[in-house]
Amino acid sequence: MTAPAPRRVEPSNQVPVSVTVNGEPVDAVVPARQLLVDFIRDRLGLTGTHVGCEQGICGACTINIDGEPVRSCIMLAAQVDGSVLTTVEGLSSGGLNSLQQAFKEHHGLQCGFCTPGFLMTLSTVDPDEYPGTDGIREVLSSNLCRCTGYGGILRAVRDAWNRGDDE
Ligand code: FES
Ligand code: FES
């Protein structure tokens, strides 16, 4: 009598993910290799998070995960199970917040492609940890803008963070 062939169990390529996104609970089953940015944009329809370099360099895809700025193009959706996420759509509950208003008033954007990433990075850091203009420059150095030359962005952050020109 021959032994029965061992049962072959294929690994599942779908994983459950439970997160809070902009204050709303989300339960989903995602492909194990789905990028977080694709989950946010394609599954949740939150297209304010942009995709630029797809290599973790430009910062356009930055969102807030548990209070930290994170590049969603180099993370998997499966990695954020149990986390609290904020995207640019969740930055303000109505109208523009002070940072967004300052970007608008100081021409801190042109095409706007980079803007959500800048806003998410800036809204996640503690301004007191980045004093003076050099501190603002240090924060801005994590994100790339191909349009503005950064002057308008710098002025916007100075205004939003209540800093004078000469700091
Ligand atoms: S698209 Fe993610 S860092 Fe550029
Ligand atoms: S405003 Fe166009 S890339 Fe920054």
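Residues numbered from 1 in each chain as written. Chains lettered and ligands numbered in written order. Predicted model: local features only at pLDDT ≥ 70, side-chain atom pairs only at ≥ 80, totals over all residues. Heavy atoms only, no water.

Draft legend 1. Quick peek at empty space enclosed by the protein. Enumeration over the complete set of coordinates arrives at one cavity of 30 Å³ or more. Computed from the structure, the largest cavity encloses a volume of approximately 30 Å³. Broken down by class, the residue content of the lining of the largest cavity amounts to six nonpolar, four polar and one charged. (1 Å grid on protein atoms, 1.4 Å probe; cavity = no way out; pocket = protein on both sides within 12 Å on 5 of 7 lines; lining within 4 Å. Points joined across faces, edges and corners; volume = space filled by probe spheres on them. Nonpolar A, V, L, I, M, F, W, Y, C, P; charged D, E, K, R; others polar.)

Draft legend 2. The nonpolar core, seen in detail. Phe103, Phe118, Leu122, Leu140, Ile153, Val157 and Trp161 are the most contacted members of the largest nonpolar core, which has 20 residues in total. Breaking this core down by element, the ones donating at least two residues are helix 2 (98-105), helix 3 (115-124), helix 4 (132-140) and helix 5 (151-160). Counting residues in hydrophobic clusters, the runner-up holds 17 residues, among them Leu36, Ile63, Ile65 and Ala77. (Core = buried A, V, L, I, M, F, W, Y, C linked by side-chain atoms within 4.5 Å. Buried < 20%, exposed > 50% of the residue type's maximum accessible area, 1.4 Å probe, protein only. Helix = DSSP H or I, 4+ residues; strand = E, 2+ residues; numbered from the N terminus.)

Draft legend 3. Representation of the environment of proline 127 within the structure. Relative to the assigned elements, proline 127 resides in the loop between helix 3 and helix 4. Distance from proline 127 to tryptophan 161, taken between C-alpha atoms, is 7.0 Å for residues 34 residues apart in sequence. Not counting the four nearest positions on each side in its chain, proline 127 is found in contact with Trp161 and Arg163. (Contact = heavy atoms within 4.5 Å.)

Draft legend 4. Up close: the sheet that holds strand 4 (residues 68-71). Here five strands make up an open sheet; going across it, the order is 2-1-5-3-4 and the pairing mixed. Here the strands that pair on one side only, and so sit at the sheet edges, are strand 2 (24-31) and strand 4. Sheet twist, expressed as the average angle between the axes of neighbouring strands with direction ignored, equals 40°. Of the pairings in the sheet, the one linking strand 3 (residues 62-65) to strand 4 comprises four bridges and is antiparallel in character. Paired with isoleucine 65 across the two strands is glutamate 68, which belongs to strand 4. On top of the sheet, helix 1 (residues 36-43) reaches strand 1 (14-21), strand 2, strand 3 and strand 5 (84-86); it is set at about 115° to strand 2, its chief contact. (Pairing = 2+ DSSP bridges. Axes fitted to C-alpha atoms, helices over the stretch in contact; angles between N-to-C directions.)

Draft legend 5. Unusual backbone geometry, seen in detail. Unusually for a residue other than glycine, tyrosine 150 sits at a positive phi of about 75°. You can call tyrosine 150 partly exposed: its relative accessible area is 29%. Non-glycine residue asparagine 162 carries a positive phi angle of around 55°. Tracing the chain through its elements places asparagine 162 in the segment after helix 5.

Draft legend 6. Inspection of the side chain of threonine 148 at higher detail. Here threonine 148 lies in the loop between helix 4 and helix 5. Under the relative-accessibility criterion, threonine 148 is labelled buried at 16%. For threonine 148, the side chain forms a polar contact with the main-chain nitrogen of tyrosine 150, separated by 3.0 Å. Dropping the residues within four chain positions of it, threonine 148 is found in contact with Gly108, Leu109, Gln110 and Ile153. (Polar contact = N/O pair within 3.5 Å; in protein donor to acceptor, adjacent residues only side chain to side chain.)

Draft legend 7. View of the packing of helix 2 against helix 5. Orientation of helix 2 relative to helix 5, taken along the N-to-C sense of each, is 140°, at an axis distance of 8 Å. Classified by the interaxial angle, the pair formed by helix 2 and helix 5 is oblique. Regarding helix 2 and helix 5, the two cross each other, and that crossing is right-handed. Note on element contacts: helix 5 touches helix 2 through Ile153, Ala156, Val157, Asp159 and Ala160, opposite Ser98, Leu99, Ala102, Phe103 and Glu105. Class assignment of the residues belonging to the contact of helix 2 with helix 5 gives a composition of seven nonpolar, one polar and two charged. (Parallel < 35°, antiparallel > 145°, perpendicular 65-115°, else oblique. Left-handed = near helix turned anticlockwise from the far one by under 90°.)

Spatial relationships are all this shows, so hold off on functional conclusions.
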